[in-house]
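# Examination of the molecular architecture
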Amino acid sequence: MEIRLLTMADIDRYIQIRLQALKESPASFATSFEEEKYNALQKYEIRFQSPYSLTFGAFSGGNLVGVVTLIREERIKMRHRANIVAMYVTPERRGSGVGKALIGTAIEQAKQLQGVEQVYLSVVTANQQARKLYISFGFQPYSLEKHALKLDSTYFDEEHMVLFLE
């Protein structure tokens, strides 16, 4: 398995796995497949070119099997913070260490960003596997948002977590 920073050359592969994530795990993301399928190229072209956003991909046998994005806050008073978003591992690769490698890479990158002291993320509480992974890296829950997401008539709670780097 290889973990590396994705570039504009990877954008089509990224969009493919992102749309797969939204279809396969709709309760895990605030964005829906329907919202993203028409504007994904424009959205991710902007994100991939931003100096505040780094998207990493896990490759196995030449296939993109997992992704994670680290976004540094832009505002002066918040530049000590970064956020992990859009974490996804394909179902067939879950439990094989891909998620652990991606989160580890994102945290190590956050440590390299001058002035970043805290890393934030949110996880749907029903996703116990992801929650356990984040806790294993030292993330601590700091709030619970009841009914954060609503899919059809079902609500999902989100736990907000932080990792203090210093």
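In this report, we go over the structure that sits alongside the text. The numbering scheme is per chain: residues are counted from 1 as the chain's sequence reads. Local features in a predicted model are, by the rule used here, given only for residues with pLDDT of at least 70; side-chain atom pairs are given and counted only at 80 or more, and totals for whole chains, interfaces and linings are based on all residues. Derived side-chain values reflect all non-hydrogen atoms in the structure, with water molecules and hydrogen atoms excluded from consideration.

With that settled, the discussion passes to the overall build of the chain. Within the chain, the secondary structure is distributed over five helices and seven strands. When the helices and strands of the chain are read in sequence order from the N terminus, they spell out β-α-α-α-β-β-β-α-β-α-β-β. Radius of gyration (C-alpha) of the chain: 15 Å, near the 15 Å computed for a compact globule of 166 residues. The dimensions of the chain, computed from C-alpha atoms along their principal axes, are 40 × 35 × 30 Å. In what follows, residue pairs with any heavy atoms lying within 4.5 Å of each other are defined as contacts. Looking at the chain alone, contacts between residues at least 24 apart form 61% of all its contacts between residues at least 6 apart. Throughout, the Shrake-Rupley method with a 1.4 Å probe supplies accessible areas, and for residues the shown protein chains are the sole cover considered. Only carbon and sulfur atoms are counted for the fraction: they give 48% of the accessible area of the chain, which is about 9200 Å². Between the centroid of the 20 positive side chains of the chain and the centroid of its 19 negative side chains there is a distance of 2 Å. Per the convention used, a helix needs a DSSP run of H or I reaching at least four residues, while a strand needs a run of E reaching at least two, with both numbered from the N terminus. Restricting the calculation to C-alpha atoms gives the radius of gyration, and the globule rule supplies 2.2 Å times the number of residues raised to the power 0.38. Counted as positive: Lys and Arg. Counted as negative: Asp and Glu, with His and the chain ends omitted from the count. Where a charge lies is defined by one atom per residue type, namely NZ (Lys), CZ (Arg), CG (Asp) and CD (Glu).

Further remarks concern unusual backbone geometry. Of note in this structure, A86 is not a glycine but carries a positive phi near 55°. Of note in this structure, H147 is not a glycine but carries a positive phi near 55°.

What follows is about the sheet that holds strand β4 (residues 81-89). Note on pairing: two strands pair once DSSP finds at least 2 bridges between them. Across the sheet, seven strands lie side by side as β1-β2-β3-β4-β5-β7-β6; this open sheet has mixed pairing. Whereas interior strands pair on both sides, the edge strands pair on one side only; in this sheet they are β1 (2-5) and β6 (140-151). When the angles between neighbouring strand axes are averaged without regard to direction, this sheet yields 25°. When β4 meets strand β5 (residues 118-124), the two strands line up parallel, connected through three bridges. Of the residues in β5, the one forming a bridge with R81 is Q118. Helix α3 (residues 40-49) contacts β2 (53-60), β3 (63-72) and β4 of the sheet and is inclined by roughly 105° relative to β2. In this fold helix α4 (residues 98-112) packs onto β1, β2, β3, β4, β5 and β7 (154-164), with an angle of close to 30° to the strand it touches most, β3. Note on method: axes are straight lines fitted to C-alpha atoms, helices fitted across the in-contact stretch only, with angles between N-to-C directions ranging 0 to 180 degrees.

Given 3.6 residues per turn, any residue in an α-helix points the same way as the ones three and four places further on. In this model helix α1 (residues 11-24) runs 20 Å from its N-terminal to its C-terminal C-alpha over 14 residues, within 8% of the 20 Å that 1.5 Å per residue would give. On its buried face, α1 sits against α2 (33-36), α3, β2, β3 and β4. Expected span of a helix, by definition, is 1.5 Å for each gap between consecutive residues, and there is one gap fewer than residues.

A few words on the environment of P26. Secondary-structure assignment places P26 in the loop between α1 and α2. According to the relative accessible area criterion, P26 is partly exposed, its value standing at 35%. In this view, P26 contacts A21 and L151; residues no more than four positions away in its chain are not counted. Think of it in three bands: with a 1.4 Å probe and only protein chains considered, a residue is buried below 20% of the maximum accessible area for its type, exposed above 50%, and partly exposed in between.

Let us look at the packing of aromatic side chains. Each pair of aromatic rings taken from Phe, Tyr and Trp, with Trp reduced to its six-membered ring, is defined by centres within 6.5 Å and is described as stacked if the planes are under 30 degrees apart, edge-to-face if over 60, and tilted in the remaining cases. A complete count under the given rule lists four aromatic pairs for this structure. Plain terms: the ring middles of Y120 and Y142 are 5.7 Å apart, the flat faces sit at 90° to each other, and that makes the pair edge-to-face. Residue Y120 is located in strand β5, and its partner Y142 is located in strand β6; the two are separated by 22 residues in the primary sequence. Residue classification places Y120 among the buried residues on the basis of a relative accessible area of 12%. Taken together, the ring pairs connect Y14, Y44 and F48 into an aromatic cluster. In this analysis the charged atom, NZ for Lys or CZ for Arg, is taken to sit over a ring once it is within 6 Å of the ring centre and within 35 degrees of the ring normal. Taking the ring centre of F29 as reference, the NZ or CZ of R18 above it sits at 5.0 Å.

Buried within α3 we find A40, Y44, R47 and F48. Looking straight down α3, one finds that the buried residues subtend no more than 95° of arc, so they occupy a single side. Exposed and facing more than 90 degrees away from the buried side of α3 are Q42, I46 and Q49. The inward-facing, buried residues of α3 contact α1, α2, β2, β3 and β4. This arc describes the spread of directions from the helix axis toward the C-beta atoms.

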